[in-house]
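# What the coordinates show
Letter by letter, the chains look like this.
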Amino acid sequence: MSQTLVHNAPRTDEAVVLDALGRRSLVLVGMMGAGKSSVGRKLAARLDLPFVDADTEIEIAAGMTIPEIFETRGEPEFRSGEARVIARLLEGGPQVLATGGGAYMNAGTRELIGRKGVSVWLKADFDILLRRIRRRTDRPLMRNADPEGTLKKLIEERYPVYAKADVTIESRDVSHEIMVNEVVRALLAHFSARESATP
């Protein structure tokens, strides 16, 4: 009686990423306008994971919009609430979690993301960010007489910190599908490098 040999099909890139991720979250960091929410939704769909937007969760928890929180409670109060909400969300992995532009600047949040997630920096240059931000009116930090100067200052302050993320992807004006493909490839390379470095 002949036996039929069953060959194991090679695992998909998505399956490899999910296995390596385990219970952790994929955490997207970067400036406002970098595409964290739009790319994050497509990435979550590709990996069949829940997508969570930290800013939306903050608004639900506070019962008001982020511009309203800034206006009535001030930025320090917003940042404190943001850190609490992200800490709670990180307990719910695996998921794709998009964070606000300032979230990764908090050392405690950064340390928590390092333990409970894999961070992906969507790095966009000044011109792209400015063009995207100008389409929106809900950016509290941009509501001033010099949004260009504010953006340059934020880039100078934040990019050295964002650079600590596990993976960096250049965010530019290409399709979300291309961006998601690049994120998946970068994650595969990251996990592979971590695996080979483990004794």
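Located above this text is the structure these notes cover.
Residues numbered from 1 in each chain as written. Predicted model: local features only at pLDDT ≥ 70, side-chain atom pairs only at ≥ 80, totals over all residues. Heavy atoms only, no water.

What follows is about unusual backbone geometry. Looking along the chain, the bond that leaves Gly93 and enters Pro94 is cis, with omega of 0 degrees. Residue position: Pro94 is located in the loop between α5 (75-89) and β3 (96-98). Positive phi, normally seen in glycine, also occurs at Asp48, with a value near 60 degrees. Locating Asp48 in the fold gives a position in the loop between α2 (36-47) and β2 (51-53). On the basis of relative accessibility, which here comes to 70%, the residue Asp48 falls in the exposed class. (Helix = DSSP H or I, 4+ residues; strand = E, 2+ residues; numbered from the N terminus. Buried < 20%, exposed > 50% of the residue type's maximum accessible area, 1.4 Å probe, protein only.)

Here the focus is the packing of helix α3 (residues 54-62) against α5. Two elements in contact, α3 and α5, have axes whose closest approach is 10 Å; the angle formed by their N-to-C orientations is 110 degrees. With respect to α5, the axis of α3 lies roughly perpendicular. Of the two possible hands of crossing, α3 and α5 adopt the one that is right-handed. Listed contacts from α5 to Ala54, Asp55, Glu57, Ile58 and Ala61 of α3 are Phe78, Glu82, Val85, Ile86, Arg88 and Leu89. (Axes fitted to C-alpha atoms, helices over the stretch in contact; angles between N-to-C directions. Parallel < 35°, antiparallel > 145°, perpendicular 65-115°, else oblique. Left-handed = near helix turned anticlockwise from the far one by under 90°. Contact = heavy atoms within 4.5 Å.)

What follows deals with the packing of aromatic side chains. Across all of its chains, the model carries four aromatic pairs by this definition. Relative to Phe78, the ring of Phe70 lies with its centre 4.9 Å away and its plane at 40 degrees, an arrangement referred to as tilted. Each member of the pair, Phe70 as well as Phe78, carries the same accessibility label: buried. On the numbers, 5.9 Å between centres and 50 degrees between planes, the contact of Tyr159 with Tyr162 is tilted. In this pair, Tyr159 and Tyr162 are both assigned in helix α8 (residues 147-162), three residues apart and thus about one turn of the helix distant. Owing to a relative accessible area of 15%, Tyr159 belongs among the buried residues under this scheme. Overall, Tyr162 belongs to the buried group, its relative accessible area being 0%. Every member of this aromatic cluster is reached through a ring pair, and the members are Trp121, Tyr159 and Tyr162. Lying across the ring of Tyr104, Arg110 places its NZ or CZ 6.0 Å from the centre. (Phe/Tyr/Trp six-rings, centres within 6.5 Å; stacked < 30°, edge-to-face > 60°. Lys NZ or Arg CZ within 6 Å of the ring centre and 35° of its normal.)

Just distances and angles here, no functional claims.
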